[in-house]
Amino acid sequence: MGMCEKPELSDYFEKYWLTSTPGFGTIFSRNRYQLLRSFLHMNNNENGVARGQPGYSPTFKVQPIIDMVQDQYVKLYQAHREISVDEAMLGFKGKLGIKQYMQDKPTKWGIKLWCLCDSHTGFMMRWNVCAGAGDGTVSETVRRLLTPDYLDRGYYLFCDNLYSSTTLFFELKGRRTGTCGTLRSNRVGNPVAIQPAARGRRADAAARYPRVALKKGEDPIFFTKEGMLCVYWQDNGTVRMLSTIHGSRILEKEVRERRAAPDEARVVHKPEAVCEYNRYMGGVDKADQLRSYHSYERKCRKWYQVIWHFSIELALINGSICYNLANPNEKMQSQKFHHFVIDSLTENLKNPDNLERRRNRTSGKHPLARLTGRHFLAENEDKKYRPDCTVCSDRKRARVQTTFYCKQCNVPLCKPPKDCFETYHTQLNYRH
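So, how was this worked out
- Residues numbered from 1 in each chain as written.
- Predicted model: local features only at pLDDT ≥ 70, side-chain atom pairs only at ≥ 80, totals over all residues.
- Heavy atoms only, no water.
- Salt bridge = Lys/Arg side-chain N within 4 Å of Asp/Glu carboxyl O.
- Helix = DSSP H or I, 4+ residues; strand = E, 2+ residues; numbered from the N terminus.
- Buried < 20%, exposed > 50% of the residue type's maximum accessible area, 1.4 Å probe, protein only.
- Contact = heavy atoms within 4.5 Å.
- Pairing = 2+ DSSP bridges.
- Right-handed = clockwise from strand over helix to strand, strands pointing away.

Q: Now, about the pattern of salt bridges: what can you tell me, with residues and values included?
A: Evaluation of the coordinates by the stated rule reveals 11 salt bridges. Between R126 and D149 there is a salt bridge, with its nearest N and O atoms 2.4 Å apart. On the criterion of sequence distance, the pair formed by R126 in strand β4 (residues 124–129) and D149 in the loop between α4 (138–146) and β5 (156–159) is long-range, its members being 23 residues apart. D149 matches R126 in its accessibility class, with the two residues each being buried. A salt bridge links R291 to E313, with the shortest nitrogen-to-oxygen separation between them at 3.4 Å. One end of the pair, R291, is in helix α8 (residues 283–292); the other, E313, is in helix α9 (residues 303–326), with 22 residues separating them in the sequence. Its relative accessible area of 8% is what places E313 among the buried residues. Three or more residues are tied together by salt bridges with common partners; here these are D288, R291 and E313.

Okay, structure coming up:
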């Protein structure tokens with residue numbers, strides 16, 4: 001449904017000639033789709049642990065699908081050397097204990113995910129649902145994403161200032177994993193010269209350490225300690241970075257101003273760590289961009305359905321990336337790859353005869369059996385049981401309930417003087 005956006009779910013199954021999309025109705029009916037959607041579950045609720053008890057997990061309902069798909073991604077995809085970790089948001093505004101608010105994201109309210117992606121292709125290898133305080137520190141989240149498949153294998157991890165710290169970078173350096181990321185000025189372990197000015201009692205103790213003040217265009221300053229590089233550079237804003245994979249090399253880059261002429265450019269001396277960070281940090285953003293082209297964005301009260309649809313979208317995007325890597329001479333656009341997968345899955349379901357047979361399989365009778373033979377009207381023994389009439393009831397316009405039904409077809413129908421019984425057994429299209 002992400003390939004064809006419509007205001008309501010029921011619009012995909014309507015028969016109005018101008019806006020109809022017959023492809024959906026040939027696979028299953030609207031009622032069957034809504035029924036399957038309402039009973040969608042990914043775990044047995046009886047096995048869940050109550051809140052406050054040892055072993056409780058806020059993501060219990062979706063954990064099986066997360067573990068299943070991630071095991072396949074790690075097993076079948078060999079990532080490039082450069083990988084990145086970042087957050088992603090899935091829109092959800094219902095009542096949920098793990099719902100997050102992120103002001104700087106396009107989707108501000110919803111379920112936050114910790115994601116690990118290939119920086120070259122945007123392939124998402126691992127992702128975990130943010131469960132709030134239960135996740136522990138950010139450093140522990142990074143360890144969970146990397147363990148065990150992406151440690152001790154020479155990968156280069158790029159991250160933003162939420163994750164960067166000297167403690168984490170030293171630990172990953174000992175596990176043969178290089179790291180590079182922007183740095184917050186108040187992180188513990190930062191060089192004193194790049195920390196913000198101290199106040200109160202700390203001001204006297206810090207007075208003997210000179211602070212560094214750079215102007216735009218000046219060469220960056222580097223600090224090193226036990227194989228870790230700290231970069232302090234002034235561009236349009238102050239840039240602080242940590243890296244265990246770069247040196248103090250400076251590159252010349254041509255930058256064009258927005259209002260300058262096309263042939264006018266100024267030369268900027270950038271640290272290599274900054275250039276590499278700008279190049280490889282956007283793996284998660286690229287995955288979000290690819291997913292946004294055909295995303296399934298529907299309001300729903302069940303939060304785990306948001307995770308379910310996200311896992312399907314991600315599987316299609318990752319599959320498209322793998323296909324293009326395996327077939328470099330026959331690359332396929334994301335939309336065409338979606339079409340190919342949909343056609344492969346629905347090849348045996350698009351026959352109209354099969355559709356009519358599926359619609360009538362509950363009764364076990366031939367689809368046109370209601371138009372032949374003898375039929376008799378009967379009344380339910382339980383007078384309180386009043387289902388909707390199959391012919392004239394429409395919950396959008398006027399709902400009609402009845403206690404009568406056809407004994408042979410086992411469908412609820414209104415009794416005479418209404419003509420519902422006669423219409424159902426004499427007309428092919430019996431709906432009013």
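The discussion continues.
Q: An account of unusual backbone geometry is requested, with residue identities and associated values reported.
A: Here the bond from T147 into P148 is cis, since omega is -10 degrees, no more than 30 degrees from zero. Within the element layout of this structure, P148 appears in the loop between α4 and β5. Geometrically, the link from P416 to P417 is a cis peptide bond, its omega value of 15 degrees lying close to zero. As for its placement among the helices and strands, P417 is situated in the loop between β13 (404–406) and α12 (420–426). In this model, R176 sits at a positive phi of 55 degrees, which is unusual for a non-glycine residue. Locating R176 in the fold gives a position in the loop between α5 (166–174) and β6 (178–182). What makes R176 exposed here is its relative accessible area of 54%. Look at N410: it is not a glycine, yet its phi comes out positive at around 60 degrees. Within the secondary structure, N410 sits in the loop between β13 and α12.

Q: So what's going on with the environment of E272? Which residues, and what values?
A: Mapped onto the fold, E272 is located in helix α7 (residues 272–280). Taking relative accessible area as the criterion, E272 reaches 18% and is therefore assigned buried. With 152 residues separating them along the chain, E272 and Y424 place their C-alpha atoms 76 Å apart. Once you skip the residues sitting within four places of it in the chain, E272 turns out to touch H246, G247, R249 and L251.

Q: Describe the pairing of β6, naming the residues involved and giving the relevant values.
A: With five of its five residues buried, β6 lies for the most part within the structure. In β6, alternate side chains face the same way, and those of G178, C180 and T182 on one face and T179 and G181 on the other are all buried. Summarising the sheet, β5 and β6 pair through four bridges and their orientation is parallel. What sits directly across from L157, in β6, is T179. Between the parallel pair β5 and β6, the chain is carried across by α5, and the sense of this crossover is right-handed. For β6 and strand β9 (residues 238–243), the ladder comprises three bridges, and the chain directions are antiparallel. By the bridge assignment for β9, T182 is matched with M241.

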